[in-house]
Amino acid sequence: MDYGLLTTRLKAEALQHGFSLSGIAPATEADGFARYQQWLEKGYAGEMDYLHRLGPPRRHPASILEGVRSVLMLGMEYGERGTRNAECGTEEAKTEESFVSSVPHSAFRVPRSGRVASYAAGPDYHRFVWDRINALSDWLMVEVPGCTALGVADTAPLLERDFARRAGLGWVGKNTMLINPRRGSYFFLAAVLTDLELQFDVAFAGSHCGTCTACLDACPTKAFPEPFVLDATRCISYLTIELRSEIPVDLREPIGNWLYGCDVCQEVCPWNRKESPGPIAFPHDPDLEWLDPVELLGLDADAYRVRFKKTSLFRNRRAGLLRNAAIVLGNSGDDRALPVLEKALTDPEELVREAASWAIERIRQRML
(Lines give C-alpha, C1' and ligand atoms only; values in the text may rest on other atoms or scores of the structure.)
Protein backbone atom coordinates (compact mmCIF):
# COMPACT_ATOMS: atom_id res chain seq x y z
CA MET A 1 0.00 0.00 0.00
CA ASP A 2 1.23 3.49 -0.90
CA TYR A 3 0.66 5.28 2.41
CA GLY A 4 1.87 8.57 1.00
CA LEU A 5 -0.89 8.49 -1.64
CA LEU A 6 -3.42 7.33 0.96
CA THR A 7 -2.48 10.27 3.20
CA THR A 8 -2.96 12.72 0.33
CA ARG A 9 -6.36 11.26 -0.50
CA LEU A 10 -7.37 11.26 3.17
CA LYS A 11 -6.59 14.97 3.47
CA ALA A 12 -8.53 15.68 0.28
CA GLU A 13 -11.49 13.78 1.72
CA ALA A 14 -11.18 15.79 4.95
CA LEU A 15 -11.40 19.00 2.95
CA GLN A 16 -14.58 17.72 1.27
CA HIS A 17 -16.06 17.29 4.76
CA GLY A 18 -15.34 20.92 5.67
CA PHE A 19 -11.96 20.63 7.40
CA SER A 20 -9.78 23.34 5.89
CA LEU A 21 -6.83 22.28 8.05
CA SER A 22 -5.40 18.77 8.23
CA GLY A 23 -2.11 17.18 9.22
CA ILE A 24 -0.78 13.83 10.46
CA ALA A 25 1.08 13.40 13.76
CA PRO A 26 2.69 10.26 15.19
CA ALA A 27 0.67 8.71 18.01
CA THR A 28 3.24 9.02 20.78
CA GLU A 29 3.08 10.54 24.25
CA ALA A 30 1.72 14.09 24.31
CA ASP A 31 4.47 16.71 24.49
CA GLY A 32 2.62 18.92 26.96
CA PHE A 33 1.33 16.30 29.37
CA ALA A 34 3.58 17.44 32.24
CA ARG A 35 2.50 21.07 31.73
CA TYR A 36 -1.13 19.94 31.71
CA GLN A 37 -0.68 18.18 35.05
CA GLN A 38 0.90 21.31 36.53
CA TRP A 39 -2.02 23.37 35.24
CA LEU A 40 -4.48 21.06 36.98
CA GLU A 41 -2.48 21.13 40.22
CA LYS A 42 -2.68 24.93 40.29
CA GLY A 43 -6.47 24.72 40.34
CA TYR A 44 -6.94 26.49 37.02
CA ALA A 45 -9.59 23.96 35.92
CA GLY A 46 -12.09 25.20 38.49
CA GLU A 47 -15.22 23.05 38.71
CA MET A 48 -14.35 21.06 35.57
CA ASP A 49 -13.73 17.87 37.55
CA TYR A 50 -13.79 15.75 34.41
CA LEU A 51 -10.43 17.25 33.43
CA HIS A 52 -8.90 15.76 36.58
CA ARG A 53 -10.71 12.46 36.13
CA LEU A 54 -9.55 12.13 32.53
CA GLY A 55 -6.12 13.60 33.18
CA PRO A 56 -3.95 10.44 33.12
CA PRO A 57 -5.48 9.11 29.85
CA ARG A 58 -4.32 12.30 28.10
CA ARG A 59 -0.72 11.12 28.36
CA HIS A 60 -1.04 8.92 25.27
CA PRO A 61 -3.76 8.50 22.59
CA ALA A 62 -3.57 4.73 23.10
CA SER A 63 -5.96 5.33 26.00
CA ILE A 64 -8.57 6.13 23.34
CA LEU A 65 -7.63 3.62 20.64
CA GLU A 66 -5.44 0.60 21.37
CA GLY A 67 -2.75 0.12 18.76
CA VAL A 68 -3.03 3.68 17.42
CA ARG A 69 -0.11 4.77 15.22
CA SER A 70 -1.28 7.96 13.58
CA VAL A 71 -3.37 10.97 14.59
CA LEU A 72 -5.03 12.93 11.80
CA MET A 73 -5.59 16.42 13.25
CA LEU A 74 -8.32 18.52 11.68
CA GLY A 75 -9.45 22.12 11.87
CA MET A 76 -12.91 23.40 10.87
CA GLU A 77 -13.32 27.16 10.73
CA TYR A 78 -16.28 28.97 12.24
CA GLY A 79 -17.65 32.50 12.63
CA GLU A 80 -18.73 35.27 10.31
CA ARG A 81 -15.54 36.09 8.44
CA GLY A 82 -16.62 39.54 7.31
CA THR A 83 -17.04 40.84 10.87
CA ARG A 84 -13.71 39.71 12.24
CA ASN A 85 -11.07 39.67 9.49
CA ALA A 86 -9.17 42.40 7.72
CA GLU A 87 -5.92 42.73 5.80
CA CYS A 88 -2.85 41.79 7.83
CA GLY A 89 0.14 43.78 6.76
CA THR A 90 3.02 41.42 7.57
CA GLU A 91 3.71 37.76 8.09
CA GLU A 92 4.89 38.43 11.65
CA ALA A 93 2.50 39.38 14.41
CA LYS A 94 2.24 43.09 15.09
CA THR A 95 3.02 44.44 18.55
CA GLU A 96 0.30 45.64 20.85
CA GLU A 97 1.18 49.28 20.16
CA SER A 98 0.61 48.86 16.43
CA PHE A 99 -2.75 47.16 16.77
CA VAL A 100 -5.98 48.93 17.70
CA SER A 101 -9.12 46.84 17.88
CA SER A 102 -12.17 48.22 16.12
CA VAL A 103 -14.52 46.19 18.32
CA PRO A 104 -15.87 47.92 21.47
CA HIS A 105 -15.88 44.77 23.58
CA SER A 106 -17.57 46.20 26.66
CA ALA A 107 -20.08 48.35 24.79
CA PHE A 108 -23.60 47.27 23.91
CA ARG A 109 -24.43 47.10 20.22
CA VAL A 110 -28.02 47.95 21.07
CA PRO A 111 -29.57 48.51 24.50
CA ARG A 112 -29.85 45.39 26.64
CA SER A 113 -28.24 43.00 24.11
CA GLY A 114 -26.11 40.02 25.11
CA ARG A 115 -23.19 38.79 23.01
CA VAL A 116 -22.64 35.16 22.06
CA ALA A 117 -19.23 33.72 21.19
CA SER A 118 -18.71 33.13 17.46
CA TYR A 119 -18.50 29.35 17.70
CA ALA A 120 -21.92 29.17 19.35
CA ALA A 121 -23.69 31.26 16.69
CA GLY A 122 -24.76 28.20 14.75
CA PRO A 123 -25.82 24.58 15.30
CA ASP A 124 -24.37 22.50 18.13
CA TYR A 125 -20.78 22.10 16.94
CA HIS A 126 -20.37 18.75 18.72
CA ARG A 127 -22.88 16.97 16.53
CA PHE A 128 -21.88 18.88 13.41
CA VAL A 129 -18.19 17.94 13.78
CA TRP A 130 -18.82 14.42 15.05
CA ASP A 131 -20.95 13.55 12.05
CA ARG A 132 -18.12 14.57 9.73
CA ILE A 133 -15.23 12.86 11.54
CA ASN A 134 -17.30 9.70 11.79
CA ALA A 135 -17.87 9.83 8.03
CA LEU A 136 -14.16 10.38 7.51
CA SER A 137 -13.30 7.41 9.74
CA ASP A 138 -15.75 5.23 7.81
CA TRP A 139 -14.17 6.33 4.51
CA LEU A 140 -10.71 5.30 5.73
CA MET A 141 -11.89 1.88 6.89
CA VAL A 142 -13.53 1.26 3.51
CA GLU A 143 -10.35 2.29 1.69
CA VAL A 144 -8.19 0.01 3.84
CA PRO A 145 -10.25 -3.02 4.86
CA GLY A 146 -9.20 -4.37 8.24
CA CYS A 147 -7.81 -1.12 9.58
CA THR A 148 -9.27 0.69 12.58
CA ALA A 149 -10.16 4.39 12.68
CA LEU A 150 -11.93 6.42 15.34
CA GLY A 151 -13.05 10.05 15.19
CA VAL A 152 -12.80 12.13 18.37
CA ALA A 153 -13.58 15.76 19.17
CA ASP A 154 -13.76 17.81 22.35
CA THR A 155 -14.92 15.15 24.79
CA ALA A 156 -12.13 12.55 24.29
CA PRO A 157 -9.04 12.63 26.56
CA LEU A 158 -6.70 13.95 23.86
CA LEU A 159 -4.46 17.00 24.17
CA GLU A 160 -5.64 18.31 20.81
CA ARG A 161 -3.41 21.37 20.60
CA ASP A 162 -0.29 19.29 21.28
CA PHE A 163 -1.05 16.96 18.40
CA ALA A 164 -2.22 19.79 16.16
CA ARG A 165 1.13 21.53 16.59
CA ARG A 166 2.91 18.22 15.98
CA ALA A 167 0.80 17.77 12.82
CA GLY A 168 1.96 21.15 11.51
CA LEU A 169 -1.33 23.03 11.94
CA GLY A 170 0.09 25.95 13.93
CA TRP A 171 1.46 27.08 17.27
CA VAL A 172 -0.12 27.64 20.67
CA GLY A 173 -0.40 31.39 21.22
CA LYS A 174 -0.11 33.43 24.39
CA ASN A 175 -3.90 33.19 24.73
CA THR A 176 -3.52 29.35 24.68
CA MET A 177 -5.41 29.13 21.36
CA LEU A 178 -3.91 27.20 18.45
CA ILE A 179 -3.04 29.77 15.77
CA ASN A 180 -2.54 28.97 12.11
CA PRO A 181 -0.50 31.57 10.17
CA ARG A 182 -2.96 31.54 7.24
CA ARG A 183 -6.29 31.01 9.02
CA GLY A 184 -5.90 32.51 12.48
CA SER A 185 -7.54 30.76 15.44
CA TYR A 186 -11.27 30.63 14.72
CA PHE A 187 -11.56 26.88 14.18
CA PHE A 188 -12.67 23.72 15.96
CA LEU A 189 -10.11 20.98 16.45
CA ALA A 190 -10.97 17.33 15.85
CA ALA A 191 -9.02 14.16 15.21
CA VAL A 192 -9.17 10.75 13.58
CA LEU A 193 -7.06 8.07 15.28
CA THR A 194 -5.98 5.05 13.27
CA ASP A 195 -3.75 1.99 13.58
CA LEU A 196 -2.32 2.78 10.13
CA GLU A 197 1.10 4.40 9.96
CA LEU A 198 0.35 7.29 7.62
CA GLN A 199 2.79 9.83 6.27
CA PHE A 200 3.61 12.26 9.08
CA ASP A 201 3.76 16.01 8.63
CA VAL A 202 6.54 18.24 9.92
CA ALA A 203 5.74 19.65 13.35
CA PHE A 204 5.19 23.40 13.54
CA ALA A 205 8.33 24.92 15.02
CA GLY A 206 8.47 28.04 17.17
CA SER A 207 5.94 30.72 18.05
CA HIS A 208 4.95 33.76 16.03
CA CYS A 209 3.38 35.83 18.80
CA GLY A 210 6.55 37.92 19.04
CA THR A 211 6.36 40.70 21.63
CA CYS A 212 2.62 41.14 21.17
CA THR A 213 0.55 41.02 24.38
CA ALA A 214 -2.75 42.23 22.93
CA CYS A 215 -4.68 39.15 24.07
CA LEU A 216 -3.29 39.31 27.59
CA ASP A 217 -3.96 43.01 27.99
CA ALA A 218 -7.46 42.93 26.52
CA CYS A 219 -8.86 40.14 28.71
CA PRO A 220 -11.60 41.83 30.79
CA THR A 221 -11.19 39.45 33.74
CA LYS A 222 -7.37 39.17 33.62
CA ALA A 223 -7.57 35.44 33.13
CA PHE A 224 -3.94 35.03 32.00
CA PRO A 225 -1.55 34.89 34.98
CA GLU A 226 1.30 34.72 32.47
CA PRO A 227 1.72 34.24 28.71
CA PHE A 228 0.58 30.83 27.45
CA VAL A 229 -1.28 30.08 30.71
CA LEU A 230 -5.05 30.45 31.19
CA ASP A 231 -6.69 30.50 34.60
CA ALA A 232 -10.04 29.09 33.53
CA THR A 233 -11.66 30.14 36.80
CA ARG A 234 -11.38 33.78 35.63
CA CYS A 235 -12.18 33.19 31.95
CA ILE A 236 -15.53 34.56 30.77
CA SER A 237 -16.14 31.40 28.72
CA TYR A 238 -15.76 29.28 31.85
CA LEU A 239 -17.80 31.65 34.00
CA THR A 240 -20.74 31.82 31.58
CA ILE A 241 -20.75 28.17 30.45
CA GLU A 242 -18.85 25.68 32.61
CA LEU A 243 -19.51 27.21 36.03
CA ARG A 244 -22.73 25.79 37.45
CA SER A 245 -22.75 27.85 40.63
CA GLU A 246 -22.86 31.60 41.25
CA ILE A 247 -20.37 33.76 39.34
CA PRO A 248 -17.98 35.48 41.78
CA VAL A 249 -19.21 39.02 42.44
CA ASP A 250 -15.86 40.64 41.60
CA LEU A 251 -15.94 39.08 38.11
CA ARG A 252 -19.51 40.03 37.19
CA GLU A 253 -18.86 43.58 36.04
CA PRO A 254 -15.89 42.59 33.81
CA ILE A 255 -18.17 40.12 32.03
CA GLY A 256 -19.87 43.14 30.48
CA ASN A 257 -22.42 42.02 27.91
CA TRP A 258 -21.04 38.56 27.22
CA LEU A 259 -24.01 36.25 27.55
CA TYR A 260 -22.39 33.00 26.43
CA GLY A 261 -18.66 32.55 25.96
CA CYS A 262 -16.17 35.20 24.91
CA ASP A 263 -14.10 36.10 21.84
CA VAL A 264 -12.02 39.01 23.17
CA CYS A 265 -8.59 37.34 23.11
CA GLN A 266 -9.24 36.19 19.54
CA GLU A 267 -10.73 39.46 18.32
CA VAL A 268 -7.64 41.43 19.28
CA CYS A 269 -5.18 38.88 17.88
CA PRO A 270 -3.41 40.28 14.77
CA TRP A 271 -3.40 36.84 13.19
CA ASN A 272 -7.19 36.98 12.98
CA ARG A 273 -7.08 40.11 10.86
CA LYS A 274 -6.19 38.09 7.77
CA GLU A 275 -8.86 37.07 5.31
CA SER A 276 -9.37 33.30 5.40
CA PRO A 277 -8.20 31.83 2.09
CA GLY A 278 -11.04 29.34 1.85
CA PRO A 279 -14.76 28.82 2.51
CA ILE A 280 -16.03 28.28 6.05
CA ALA A 281 -18.03 25.05 6.34
CA PHE A 282 -19.60 25.60 9.74
CA PRO A 283 -23.02 27.31 9.35
CA HIS A 284 -23.26 30.79 10.84
CA ASP A 285 -26.58 32.00 12.26
CA PRO A 286 -26.63 35.81 12.66
CA ASP A 287 -29.74 35.52 14.83
CA LEU A 288 -27.63 33.84 17.51
CA GLU A 289 -24.85 36.46 17.57
CA TRP A 290 -26.82 38.71 19.92
CA LEU A 291 -29.65 37.64 22.21
CA ASP A 292 -32.07 39.73 24.25
CA PRO A 293 -31.54 39.06 27.99
CA VAL A 294 -35.04 40.35 28.74
CA GLU A 295 -36.55 37.77 26.41
CA LEU A 296 -34.39 35.02 27.91
CA LEU A 297 -35.57 35.76 31.43
CA GLY A 298 -39.10 35.11 30.24
CA LEU A 299 -38.37 31.57 29.02
CA ASP A 300 -39.67 28.65 31.04
CA ALA A 301 -38.03 25.22 30.80
CA ASP A 302 -40.09 24.09 27.81
CA ALA A 303 -39.57 27.30 25.84
CA TYR A 304 -35.84 27.19 26.59
CA ARG A 305 -35.63 23.63 25.31
CA VAL A 306 -37.44 24.45 22.08
CA ARG A 307 -35.35 27.55 21.47
CA PHE A 308 -31.87 26.14 22.11
CA LYS A 309 -32.04 22.32 21.93
CA LYS A 310 -30.08 22.15 18.65
CA THR A 311 -27.48 24.76 19.60
CA SER A 312 -24.40 24.86 21.83
CA LEU A 313 -26.27 27.15 24.22
CA PHE A 314 -28.36 24.21 25.39
CA ARG A 315 -25.25 22.92 27.18
CA ASN A 316 -25.48 25.84 29.59
CA ARG A 317 -28.87 24.73 30.90
CA ARG A 318 -31.68 27.18 31.52
CA ALA A 319 -30.48 28.28 34.96
CA GLY A 320 -27.00 29.12 33.73
CA LEU A 321 -28.13 31.11 30.70
CA LEU A 322 -30.74 33.06 32.66
CA ARG A 323 -28.16 33.75 35.37
CA ASN A 324 -25.95 35.25 32.67
CA ALA A 325 -28.87 37.25 31.25
CA ALA A 326 -29.50 38.86 34.63
CA ILE A 327 -25.84 39.80 35.00
CA VAL A 328 -25.76 41.35 31.52
CA LEU A 329 -28.83 43.42 32.41
CA GLY A 330 -27.23 44.48 35.68
CA ASN A 331 -24.11 45.60 33.81
CA SER A 332 -26.24 47.59 31.39
CA GLY A 333 -27.43 49.90 34.16
CA ASP A 334 -30.70 50.27 32.26
CA ASP A 335 -33.59 50.82 34.66
CA ARG A 336 -36.01 49.57 32.00
CA ALA A 337 -34.79 46.09 32.90
CA LEU A 338 -36.04 46.37 36.50
CA PRO A 339 -39.55 44.92 35.93
CA VAL A 340 -38.27 41.74 34.29
CA LEU A 341 -35.53 41.38 36.90
CA GLU A 342 -38.04 41.80 39.72
CA LYS A 343 -40.17 39.09 38.15
CA ALA A 344 -37.08 36.86 37.99
CA LEU A 345 -36.89 37.07 41.79
CA THR A 346 -39.67 34.45 41.78
CA ASP A 347 -37.88 32.11 39.35
CA PRO A 348 -37.82 28.46 40.50
CA GLU A 349 -34.01 28.43 40.23
CA GLU A 350 -32.03 29.96 43.11
CA LEU A 351 -29.17 30.67 40.70
CA VAL A 352 -31.43 32.94 38.65
CA ARG A 353 -32.97 34.63 41.69
CA GLU A 354 -29.57 35.50 43.16
CA ALA A 355 -28.28 36.98 39.89
CA ALA A 356 -31.47 38.99 39.44
CA SER A 357 -31.18 40.39 42.97
CA TRP A 358 -27.59 41.47 42.28
CA ALA A 359 -28.60 43.08 38.98
CA ILE A 360 -31.43 45.04 40.59
CA GLU A 361 -29.14 46.36 43.30
CA ARG A 362 -26.51 47.33 40.74
CA ILE A 363 -29.01 49.23 38.56
CA ARG A 364 -30.50 51.04 41.56
CA GLN A 365 -27.04 52.08 42.75
CA ARG A 366 -26.42 53.70 39.38
CA MET A 367 -29.71 55.54 39.63
CA LEU A 368 -28.70 57.27 42.87
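Residues numbered from 1 in each chain as written. Predicted model: local features only at pLDDT ≥ 70, side-chain atom pairs only at ≥ 80, totals over all residues. Heavy atoms only, no water.

**Student:** Lay out the pattern of salt bridges with the relevant residues and their values.
**Tutor:** Here the structure, examined in full by the defined rule, presents 17 salt bridges. Where Asp201 meets Lys11, a salt bridge forms, and the shortest distance between an N and an O atom there is 2.8 Å. Note that Asp201 is positioned in the loop between β7 (187-194) and α7 (214-218) and Lys11 in helix α1 (residues 3-16), a separation of 190 residues in sequence. Among the residues examined, Asp201 registers a relative accessible area of 27% and is labelled partly exposed. Two residues, Glu267 and Arg115, come together in a salt bridge whose shortest N-O distance is 2.8 Å. One end of the pair, Glu267, is in helix α10 (residues 264-267); the other, Arg115, is in strand β3 (residues 114-116), and 152 residues separate them in sequence. For Glu267, a relative accessible area of 16% puts it in the buried group. (Salt bridge = Lys/Arg side-chain N within 4 Å of Asp/Glu carboxyl O. Helix = DSSP H or I, 4+ residues; strand = E, 2+ residues; numbered from the N terminus. Buried < 20%, exposed > 50% of the residue type's maximum accessible area, 1.4 Å probe, protein only.)

**Student:** Run through unusual backbone geometry, naming residues and quoting values.
**Tutor:** Of note, the phi angle at Lys222 is positive, near 55°, even though the residue is not glycine. Relative to the assigned elements, Lys222 resides in the loop between α7 and α8 (236-242). A positive phi angle is found at Phe228, which is not glycine, with a value near 75°. Topologically, Phe228 is positioned in the loop between α7 and α8. In this structure Phe228 comes out as partly exposed when scored by relative accessible area, which is 40%.

**Student:** Now, about the environment of Ala12: what can you tell me, with residues and values included?
**Tutor:** If you trace the backbone, Ala12 turns up in helix α1. Taking relative accessible area as the criterion, Ala12 reaches 41% and is therefore assigned partly exposed. It is 9.1 Å that separates the C-alpha atoms of Ala12 and Ser22, two residues lying ten residues apart in sequence.

**Student:** Requested: an account of the environment of Asp217, with residues and values cited.
**Tutor:** Locating Asp217 in the fold gives a position in helix α7. In sequence terms Asp217 and Val268 are 51 residues apart; their C-alpha atoms lie 9.6 Å from each other. A distance of 2.8 Å separates the side chain of Asp217 from the side chain of Thr213, its partner in a polar contact. (Polar contact = N/O pair within 3.5 Å; in protein donor to acceptor, adjacent residues only side chain to side chain.)

**Student:** So what about the confidence of the model for the protein chain? Which residues, and what values?
**Tutor:** The predicted model of the protein chain has a mean per-residue pLDDT of 90, with 91% of residues at 70 or higher. Here residues 81-110 scores under 50 on pLDDT; set against residues more than four positions off or in separate chains, the count is 62 contacts. (pLDDT = per-residue confidence, 0-100. Contact = heavy atoms within 4.5 Å.)

**Student:** Break down the nonpolar core for me, with residues and values.
**Tutor:** Core analysis: the largest hydrophobic core is formed by 117 residues, its most contacted members being Trp39, Met73, Tyr119, Leu193, Leu297, Phe308 and Leu341. Beyond its immediate chain neighbours, meaning those up to four positions away, Tyr119 contacts Tyr78, Tyr125, Phe188, Ile241, Tyr260, Phe282 and Ser312. Formed by six residues, the second largest nonpolar core is a distinct cluster that contains Trp171, Ile179, Cys209 and Trp271. (Core = buried A, V, L, I, M, F, W, Y, C linked by side-chain atoms within 4.5 Å.)

**Student:** Outline the sheet that holds β3, listing residues and values.
**Tutor:** Sheets are built from strands that pair by backbone hydrogen bonding, the pairs being arranged parallel or antiparallel. The mixed open sheet is built from three strands, whose spatial order is β8-β3-β9. The open sheet has two edge strands with one neighbour each: β8 (258-260) and β9 (290-291). Here β3 pairs with β9 via two bridges, running antiparallel. When the bridges of β9 are listed, Arg115 appears paired with Trp290. (Pairing = 2+ DSSP bridges.)

**Student:** Before we move on, could you go through the packing of aromatic side chains and cite the residues and values that matter?
**Tutor:** For the structure on display, the rule yields 14 aromatic pairs. A centroid spacing of 6.5 Å and a plane angle of 90° characterise the contact between Tyr119 and Phe188, whose relative ring orientation is edge-to-face. Placement of the pair is Tyr119 in the loop between β3 and α5 (125-143) and Phe188 in strand β7, with a sequence separation of 69 residues. One exposure class covers both Tyr119 and Phe188, and it is buried. Centre to centre, the rings of Phe188 and Phe282 are 5.0 Å apart; their planes meet at 75°, and the pair counts as edge-to-face. One end of the pair, Phe188, is in strand β7; the other, Phe282, is in the loop between α10 and β9, with 94 residues separating them in the sequence. Of the two residues, Phe188 and Phe282, neither departs from the other in class, the shared state being buried. (Phe/Tyr/Trp six-rings, centres within 6.5 Å; stacked < 30°, edge-to-face > 60°.)

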